[in-house]
Amino acid sequence: MAQDIRVKICGLTTPEQVVAAAEAGAAYIGLNFFARSPRYVTPDLARDLALAAPPGVAKVALSVDADDALLDEITGTVPLDMLQLHGSETVERVEEVKARYGLPVMKVVGVADAADLAQIAEFEAVADQILVDAKPPKGADRPGGNALAFDWALIAGREWAKPWMLAGGLVPGNVAEAIAHTGARQVDVASGVESAPGVKDQGLMRAFVEAARCG
Ligand SMILES: O=C(O)c1ccccc1N[C@@H]1O[C@H](COP(=O)(O)O)[C@@H](O)[C@H]1O
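Fair warning: this is a prediction, and the values are worked out from it, not measured in the lab.

A short note on the UniProt feature "domain: N-(5'phosphoribosyl) anthranilate isomerase (PRAI)" (unreviewed entry) in the protein
Then, in step 1: Look at the UniProt record and you will see "domain: N-(5'phosphoribosyl) anthranilate isomerase (PRAI)" (unreviewed entry) annotated at residues 7–210.
Then, in step 2: Helix makes up 32% of residues 7–210 and strand 22%, whereas the separation of the span's terminal C-alpha atoms amounts to 10 Å.

Remarks on the pairing of strand E5 (residues 105–111)
Then, in step 1: Most of E5 sits out of view: 7 of its 7 residues are buried.
Then, in step 2: In this structure, strand E4 (residues 82–85) lies alongside E5, joined through 3 bridges in parallel fashion. Pairing of Leu85 across the sheet is with Lys107, part of E5.
Then, in step 3: Handedness of the crossover joining E4 and E5 through helix H4 (residues 91–101) is recorded here as right-handed.
Then, in step 4: As a crossover connection, the stretch from E5 through helix H5 (residues 118–124) into strand E6 (residues 129–134) is right-handed.

A closer look at the environment of Ala212
Then, in step 1: Its location among the elements puts Ala212 in helix H7 (residues 202–214).
Then, in step 2: Between the C-alpha atoms of Ala212 and Lys162, which are 50 residues apart in sequence, the distance is 21 Å.
Then, in step 3: Not counting residues up to four positions away in its chain, the partners in contact with Ala212 are Ile5, Val7, Val175, Ala176, Ile179 and Val187.

Cut-off values and rules
Numbering of residues begins from 1 in every chain and follows the order in which that chain's sequence is written. Selection of residues for local features in this predicted model requires a pLDDT of at least 70, selection of side-chain atom pairs for listing and counting requires 80 or more, and totals for whole chains, interfaces and linings are taken over all residues. UniProt positions are given in the numbering used here, feature names are shortened, and annotations may be inferred rather than shown by experiment. Labels follow the DSSP assignment, with helices taken as runs of H or I lasting at least four residues and strands as runs of E lasting at least two, numbered in each case from the N terminus. Any residue surrounded by 20 or more other C-beta atoms within 10 Å of its C-beta is treated as buried, while 12 or fewer makes it exposed and the intermediate range makes it partly exposed; C-beta atoms here are placed from the backbone. In this description, strands pair whenever DSSP reports at least two bridges between them. We call a crossover right-handed when, viewed with the strands running away from us, the connection from the first strand over the helix to the second turns clockwise. We call two residues in contact if the C-beta atoms placed from their backbones are at most 7 Å apart.

What follows is the structure in structure tokens.
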């Protein structure tokens, strides 16, 4: 039986990819403003992508330790539903961003071992959602989008007060198992539905959403 799982497809770079993600059943699309990412988009391109999204699909801006100038430009150019903070932003910075832009904030917590989970409790006090992602490997040149999974057993059976998403190394072939292990009701994917870095594949997006919902 189909489960009510919400999927975020992150790092879309063309209007065609946005339409394909929505048709595949994505509840959220992610627009990536981290300049070193193969999924990076300028605010002007992101505006076109956001306008290509059908009503009901939430548009999420991913940034990494962005200053106010960059967030001012992004939020002033792109119609958005949520800000995803994917760097080493503090609890105080999350509060500032929420107050300044009036948008829901999803804070990312990178997990490699049990000690990292303490951060979730800190951030759920201030963020609207938590994205639980794999911690990047040493020497990685970006803090996410590394096709790396963490040990899902670390969060099996955990419950948090705020809505949360699972990310990190998810692909059509493992997303059902990840959901079964962790109890996630929302999942996020970037590299796992691509034919090349930054190029989303319609068939993989469909397969991912179907696997997430149907197991
Ligand atoms: O996708 C990126 O390039 C990226 C760059 C910088 C920060 C975050 C990034 N992506 C986020 O990471 C998760 C997991 O990625 P993956 O599925 O393991 O490739 C992704 O869903 C984005 O939210």
